[in-house]
Amino acid sequence: MTTARATPDLGAGRSRLEALAFLLDSRWRVPGTGIRFGADALLSLLPGVGPVVSTALSAYLIWEARRQGVSVGTLLRMIGNVGLDALISAVPVAGSVGDVFFRANLRNMALLRRHLERQRLPR
């Protein structure tokens, strides 16, 4: 009897991660402008707990990228994006404004997409 090892469903997993990054970084639009913001900017308005929750959700994206075989260098870039975002969010009120313009999760999803595209290309 052979046991098949489960392989991750990259399509469904990627869609879930894309949706999470979009929710965190650009879900809503300021009416009459092209400015978009997400839950990350709103969470940073909550002292203490908001930035922690936001960073934890961003860390989940990195965890999933690691599970999908992203290189150490790319993981370090992703961690740097989240670290910078956490520093920006730590500044009361101004951090929310910074979160509108620095979209760490969308940047990290672009890095993950690039990795997955390289995986699909024949060598």
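Above: the structure in question.
Asker: What exactly am I supposed to notice about the overall build of the chain here?
Answerer: For the chain, the count of helices and strands is six helices and two strands. Along its sequence from the N terminus, the chain presents helices and strands in the succession α-β-β-α-α-α-α-α. In the chain, buried positions account for 36% of the 123 residues. Long-range pairs, those at least 24 residues apart, make up 58% of the contacts in the chain with a sequence separation of at least 6. Surface exposure of the chain reaches about 7,600 Å², of which carbon and sulfur atoms provide 67%.

Asker: I keep staring at a nonpolar patch on the surface and nothing clicks. Help me out?
Answerer: Among the surface-exposed residues, Leu-23, Trp-28, Leu-42 and Leu-45 lie close enough to one another that they form a single nonpolar patch of about 350 Å² accessible area. Turning to its location among the elements, Leu-23 is positioned in helix H1 (residues 10-26). By relative accessible area, which is 35% here, Leu-23 ends up partly exposed.

Asker: Before we go on, may I ask you to explain the packing of aromatic side chains in this structure?
Answerer: The geometry of an aromatic ring pair comes down to the distance between the two centres and the angle between the two planes. Counted by the stated rule, this structure contains one aromatic pair. With a centroid separation of 5.8 Å and an interplanar angle of 35°, the aromatic rings of Trp-28 and Phe-37 are classed as tilted. Geometry around Trp-63 places Arg-66 over its ring, the cationic atom sitting 4.6 Å from the centre.

Asker: It is not clear to me how the side chain of Asp-40 should be interpreted in this structure. Could you clarify?
Answerer: Tracing the chain through its elements places Asp-40 in helix H2 (residues 39-43). It is Arg-103 that comes nearest to the buried, bridge-free Asp-40 among opposite-charge side chains, at 8.9 Å.

Asker: Whenever I open this one, the nonpolar core confuses me. Can you help?
Answerer: General note: in soluble globular proteins, nonpolar side chains tend to be found buried as a group. Counting 16 residues, the largest nonpolar core has Leu-61, Ala-65, Val-70, Leu-75, Met-78, Met-109 and Leu-112 as the members making the most contacts within it. Sequence-distant contacts of Leu-112, defined by excluding residues within four places in its chain, comprise Leu-17, Ala-65, Gln-68 and Val-70.

Asker: Quick question: what am I supposed to make of the pattern of salt bridges here?
Answerer: Any two side chains of opposite charge can pair if their charged atoms end up close together. Within this structure, the stated rule accounts for five salt bridges. In this structure, Glu-18 and Arg-14 form a salt bridge, with 3.8 Å as the shortest nitrogen-oxygen distance. A residue pair is termed a helical-turn pair when its members lie 3 or 4 positions apart in one helix, as Glu-18 and Arg-14 do in helix H1 at four residues. Relative accessible area serves as the criterion here: at 23%, Glu-18 is assigned to the partly exposed category. Note that Glu-18 and Arg-113 form a salt bridge whose closest N and O atoms lie 2.7 Å from each other. Linking Glu-18 in helix H1 with Arg-113 in helix H6 (residues 104-120), this pair joins segments that are 95 residues apart in sequence. The class for Arg-113 is partly exposed, based on a relative accessible area of 27%.

Asker: Explanation requested: the environment of Ser-58 in the structure shown.
Answerer: For Ser-58, the location among the structural elements is in helix H3 (residues 49-67). Take Ser-58: its relative accessible area is 0%, and that puts it in the buried class. Separated by 50 residues in sequence, Ser-58 and Asn-108 place their C-alpha atoms 9.0 Å apart. With residues near it in sequence (within four places) discarded, Ser-58 still touches Leu-24, Val-82 and Asn-105.

Analysis parameters
Residues numbered from 1 in each chain as written. Predicted model: local features only at pLDDT ≥ 70, side-chain atom pairs only at ≥ 80, totals over all residues. Heavy atoms only, no water. Helix = DSSP H or I, 4+ residues; strand = E, 2+ residues; numbered from the N terminus. Buried < 20%, exposed > 50% of the residue type's maximum accessible area, 1.4 Å probe, protein only. Contact = heavy atoms within 4.5 Å. Areas by Shrake-Rupley, 256 points an atom, 1.4 Å probe, with all protein chains shown as cover. Patch = residues over 30% accessible without salt bridge, like charges linked within 9 Å, V, L, I, M, F, W, Y side chains within 5 Å. Salt bridge = Lys/Arg side-chain N within 4 Å of Asp/Glu carboxyl O. Phe/Tyr/Trp six-rings, centres within 6.5 Å; stacked < 30°, edge-to-face > 60°. Lys NZ or Arg CZ within 6 Å of the ring centre and 35° of its normal. Lys, Arg positive; Asp, Glu negative; His and termini not counted. Core = buried A, V, L, I, M, F, W, Y, C linked by side-chain atoms within 4.5 Å.

So, to be careful, I would describe these as geometric facts and stop short of saying anything about function.
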